[in-house]
Amino acid sequence: DGGITQSPKYLFRKEGQNVTLSCEQNLNHDAMYWYRQDPGQGLRLIYYSQIVNDFQKGDIAEGYSVSREKKESFPLTVTSAQKNPTAFYLCASSPRTGGTGELFFGEGSRLTVL
Amino acid sequence: DQQVKQNSPSLSVQEGRISILNCDYTNSMFDYFLWYKKYPAEGPTFLISISSIKDKNEDGRFTVFLNKSAKHLSLHIVPSQPGDSAVYFCAASGLSNFGNEKLTFGTGTRLTIIP
């Protein structure tokens, strides 16, 4: 089945450690996105990529890094510089830009910093 | 700067009645508006959208209304069913500072359908 797979679903990290969240899609979509969800704040855009080997900062990119070496993969690294990393992280993809803006989301990864 | 606002964090509706979820926006350059539905610990799923050149779009039990002069849109669900209980996000599509399309989400409304 086509879709977006995020892993791990739950992750615990000690303060000062970097952690990488995986996002893989087999929808052949060009664009991929990372969002963060916090209670009462909706979804906020961290990074997005419109094409392989290119990505742009979103609204809250500080303390995060990404790569887009393959069309189907867009991993997100939460670095120790992120001051409040505990959140629910969502990866999404879309077939093209200039459309309706519809995104297809993965199941999410919940990161907890101990 | 919250460009998309959902002022009601929660809403409870009796099963079979109409649910009305509201959303306001500030940026008149948005060209599409979307509604997403989200269950706990899952990713949002697309529900319905509307182009900024239309004022109504209907899909089964779901209808979205757009009032551009008031910068307001609403989602109507009728009749409401227990499976509709979820968090609903309003989103608006527009150009980012880099000239690419991006979605801006509201903070969500938790809808509870009472049997």
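Located above this text is the structure these notes cover.
Okay, so let's go over this structure. (Residues numbered from 1 in each chain as written. Chains lettered and ligands numbered in written order. Predicted model: local features only at pLDDT ≥ 70, side-chain atom pairs only at ≥ 80, totals over all residues. Heavy atoms only, no water.)

1. Brief notes about the state of the cysteines
Then step 1. All told, the structure shown has two disulfides over all chains when counted by the stated rule.
Then step 2. Cysteine 23 of chain A shares a disulfide with cysteine 91 of chain A; S-S distance 1.9 Å. Between cysteine 23 of chain A and cysteine 91 of chain A the disulfide shows an S-S torsion of about -75 degrees. By sign, it is left-handed. Of the two residues, cysteine 23 of chain A sits in strand β3 (residues 19-25) while cysteine 91 of chain A sits in strand β9 (residues 87-94), which places them 68 residues apart along the sequence.
Then step 3. Exposure remark for cysteine 23 of chain A: the relative accessible area of 1% places this residue in the buried category.
Then step 4. Given the relative accessible area of 0%, cysteine 91 of chain A is considered buried.
Then step 5. Shown here is the disulfide that connects cysteine 23 of chain B with cysteine 90 of chain B, its sulfur atoms set 2.0 Å apart. Linking cysteine 23 of chain B and cysteine 90 of chain B, the disulfide has an S-S dihedral of approximately -70 degrees and is accordingly described as left-handed. Placement of cysteine 23 of chain B in strand β3 (residues 19-25) and of cysteine 90 of chain B in strand β9 (residues 86-95) is noted, with a sequence separation of 67 residues between them. Assigned by exposure class, cysteine 23 of chain B and cysteine 90 of chain B land together as buried. (Disulfide = S-S within 2.5 Å. Helix = DSSP H or I, 4+ residues; strand = E, 2+ residues; numbered from the N terminus. Buried < 20%, exposed > 50% of the residue type's maximum accessible area, 1.4 Å probe, protein only.)

2. As for the sheet that holds strand β1 (residues 4-5) of chain B
All names here are of chain B.
Then step 1. Within the open sheet, the five strands sit side by side as β1-β3-β8-β7-β6. Their pairing is antiparallel. Looking at the sheet topology across the chains shown, the edges are occupied by β1 and β6 (56-59).
Then step 2. Summarising the sheet, strand β7 (residues 62-67) and strand β8 (residues 72-77) pair through six bridges and their orientation is antiparallel. Opposite threonine 63, over in β8, you have histidine 76 as the bridge partner. (Pairing = 2+ DSSP bridges.)

3. Concerning the pattern of salt bridges
All names here are of chain A.
Then step 1. Evaluation of the coordinates by the stated rule reveals four salt bridges over all chains.
Then step 2. One salt bridge connects aspartate 30 with lysine 71, and the closest N-O pair in it is separated by 3.4 Å. Placement of aspartate 30 in the loop between β3 and β4 (31-37) and of lysine 71 in the loop between β7 (64-66) and β8 (76-78) is noted, with a sequence separation of 41 residues between them.
Then step 3. With a relative accessible area of 34%, aspartate 30 lands in the partly exposed category.
Then step 4. Put simply, arginine 44 and aspartate 38 hold a salt bridge, and the shortest N to O gap is 2.9 Å.
Then step 5. Among the residues examined, arginine 44 registers a relative accessible area of 26% and is labelled partly exposed. (Salt bridge = Lys/Arg side-chain N within 4 Å of Asp/Glu carboxyl O.)

4. Some details on the sheet that holds strand β1 (residues 4-7) of chain A
All names here are of chain A.
Then step 1. The antiparallel open sheet is built from four strands, whose spatial order is β1-β3-β8-β7. Strands with a single pairing partner mark the edges of an open sheet, and in this sheet they are β1 and β7. Between one strand and the next, the sheet's axes are offset by a mean angle of 20 degrees, whatever the strand orientation. (Axes fitted to C-alpha atoms, helices over the stretch in contact; angles between N-to-C directions.)

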